[in-house]
Amino acid sequence: MNGGIPRIDTAEQGGLGDCWVLASFLGFQASEKGREGLAKMITPSAGGGYDVKFGSNCKPFHVDKVYGEGARFAGNQGAISILESAYSQTGGGAAAYLMCVGGFAFMSQQIITGGESEHHLVASPGNKVRDQVTQDHEKTNALIAEGRSVVLGTMKDMTFTTDVMRNGSLSRDETVKTLGMHQYAVTKATPDGVWVVNPWGPGNPADRGGEIWIPKEQINHSFSDIAISAPISTAFERQC
């Protein structure tokens, strides 16, 4: 099993409805500190398999088998699959997780780091979501760089024309869809909009994968809330 943390836009959610979890992991993966933190959470077990330590739990979760239809990076079941399998043990157990009842990114972020996440709705006074990723774009990028996961959530499907970055190549004026009741990891914020990644990954029917450009005027149409995690370093500071 390949245990590396590859490029963010090669992630594929697979057959489980756990976008809120995968988007949180991808949000951490958007920075060097985040990638280092995710890798640090996984250690080989002496008896085989892996042990995964999240910030919200004193004891690690043992993983000796990942979900066959679960998450992948670049087509391989590796670090993201191990993290997903470990996360499934944090709540009602693997059986409950497989029911895929859904959730919000701020919930999974808090389990991963053990720290509090910020959570703001589009309806918040002053257009908090749009302002966070445009007017406050430098702050948002600094938060990502220090190893925080920033995730945008949706309420309904929205189809529009935009640019998409795939494998370092920019494709302009593509018709894409942001999916309802879904979560997207933020990779970079600018004064004019934000770049996001859909956990569904390469070739998906909504946007075919890659980093998707969301213009400023589209943000409040496509997204309903924003979740900003504690730094991933918080996961290693807990004294049990």
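Look up a bit, the structure's there.
Calculation notes
Residues numbered from 1 in each chain as written. Predicted model: local features only at pLDDT ≥ 70, side-chain atom pairs only at ≥ 80, totals over all residues. Heavy atoms only, no water. Pairing = 2+ DSSP bridges. Helix = DSSP H or I, 4+ residues; strand = E, 2+ residues; numbered from the N terminus. Axes fitted to C-alpha atoms, helices over the stretch in contact; angles between N-to-C directions. Contact = heavy atoms within 4.5 Å. Parallel < 35°, antiparallel > 145°, perpendicular 65-115°, else oblique. Nonpolar A, V, L, I, M, F, W, Y, C, P; charged D, E, K, R; others polar. Phe/Tyr/Trp six-rings, centres within 6.5 Å; stacked < 30°, edge-to-face > 60°. Buried < 20%, exposed > 50% of the residue type's maximum accessible area, 1.4 Å probe, protein only. Polar contact = N/O pair within 3.5 Å; in protein donor to acceptor, adjacent residues only side chain to side chain. Disulfide = S-S within 2.5 Å. Core = buried A, V, L, I, M, F, W, Y, C linked by side-chain atoms within 4.5 Å.

Engineer: Which parts of the structure should I look at to understand the sheet that holds strand S12 (residues 211-215)?
Structural biologist: Working definition: the strands of a sheet are paired by backbone hydrogen bonds and lie parallel or antiparallel to each other. The eight strands are arranged S6-S13-S7-S10-S11-S12-S8-S9 in an open sheet whose pairing can be described as antiparallel. Each edge of the sheet is formed by a strand with only one pairing partner; in this case those strands are strand S6 (118-121) and strand S9 (169-178). Direction aside, neighbouring strands of the sheet carry axes that sit 35° apart on average. Pairing of strand S7 (residues 150-153) with strand S13 (residues 225-228) involves four bridges; the strand directions are antiparallel. Paired with Val-150 across the two strands is Ile-228, which belongs to S13. Each of S7, strand S10 (183-190) and strand S11 (193-197) touches helix H1 (residues 19-29); the most contacted strand, S10, lies at about 30° to it. The strands touched by helix H7 (residues 137-145) are S7, S10 and S13; relative to S10, the strand with the most contacts, the crossing angle is about 120°.

Engineer: What should I look at first to understand the packing of H1 against helix H2 (residues 32-41) in this one?
Structural biologist: The relative placement of two packed helices comes down to the angle between their axes together with the axis-to-axis distance. At their nearest, the axes of H1 and H2 sit 6 Å apart, and the two run at 120° to each other. In terms of orientation, H1 lies oblique with respect to H2. Side by side, H1 and H2 meet where Phe-25, Phe-28 and Gln-29 of the first sit next to Gly-34, Arg-35 and Leu-38 of the second. Taken together, the residues of the contact of H1 with H2 sort by class into three nonpolar, two polar and one charged.

Engineer: How should the packing of aromatic side chains be read in this particular structure?
Structural biologist: Tallied over the entire structure, the rule returns six aromatic pairs. Relative to Phe-106, the ring of Phe-104 lies with its centre 6.2 Å away and its plane at 25°, an arrangement referred to as stacked. Look at Phe-104 and you get partly exposed, because its relative accessible area is 36%. Between Tyr-184 and Phe-223, the ring centres sit 5.8 Å apart and the planes meet at 75°, which makes this aromatic pair edge-to-face. Linking Tyr-184 in strand S10 with Phe-223 in the loop between helix H8 (216-222) and S13, this pair joins segments that are 39 residues apart in sequence.

Engineer: I would appreciate a short explanation of the side chain of Asp-163 in the present structure.
Structural biologist: Checked against the element boundaries, Asp-163 lands in strand S8 (residues 158-166). Side chain to side chain, Asp-163 and Arg-172 meet in a polar contact 2.9 Å long. Those residues within four positions of Asp-163 in sequence are excluded, and the remaining contacts are Leu-170, Ser-171, Arg-172, Asp-173, Trp-195, Glu-211, Ile-212 and Trp-213.

Engineer: Could you clarify how one ought to interpret the state of the cysteines in this entry?
Structural biologist: By definition, a disulfide links two cysteine residues through a covalent bond between their sulfur atoms. This structure, assessed with the given rule, holds one disulfide. Here Cys-58 pairs with Cys-240 through a disulfide, and the sulfurs are 2.2 Å apart. What sets the handedness of the Cys-58 and Cys-240 disulfide is the S-S torsion sign, and at about -90° it is left-handed. Linking Cys-58 in the loop between strand S3 (50-52) and strand S4 (61-63) with Cys-240 in the segment after S13, this pair joins segments that are 182 residues apart in sequence. Cys-58 sits in the partly exposed class, given a relative accessible area of 39%.

Engineer: Just to check I follow, could you spell out the environment of Arg-35 for this structure?
Structural biologist: With respect to the element layout, Arg-35 can be found in helix H2. Between the alpha carbons of Arg-35 and Arg-148 there is a distance of 10 Å; along the sequence they are 113 residues apart.

Engineer: Please explain the nonpolar core as it appears in this structure.
Structural biologist: Burial of nonpolar side chains together is a common tendency in soluble globular proteins. Ranked by size, the top nonpolar core spans 32 residues in total, and within it Phe-25, Met-41, Val-52, Phe-54, Leu-83 and Tyr-87 carry the most contacts. Going through the elements one at a time, H1, H2, S4 and helix H3 (79-87) are the ones with two or more residues in this core. With near-sequence residues (within four places) excluded, Leu-83 lies in contact with Phe-25, Leu-38, Met-41, Ile-42, Val-52 and Phe-54. Judged by nonpolar contacts, the second largest core, of 23 residues, contains Leu-143, Val-150, Val-164 and Phe-223.

That is the geometry; function is a separate question.
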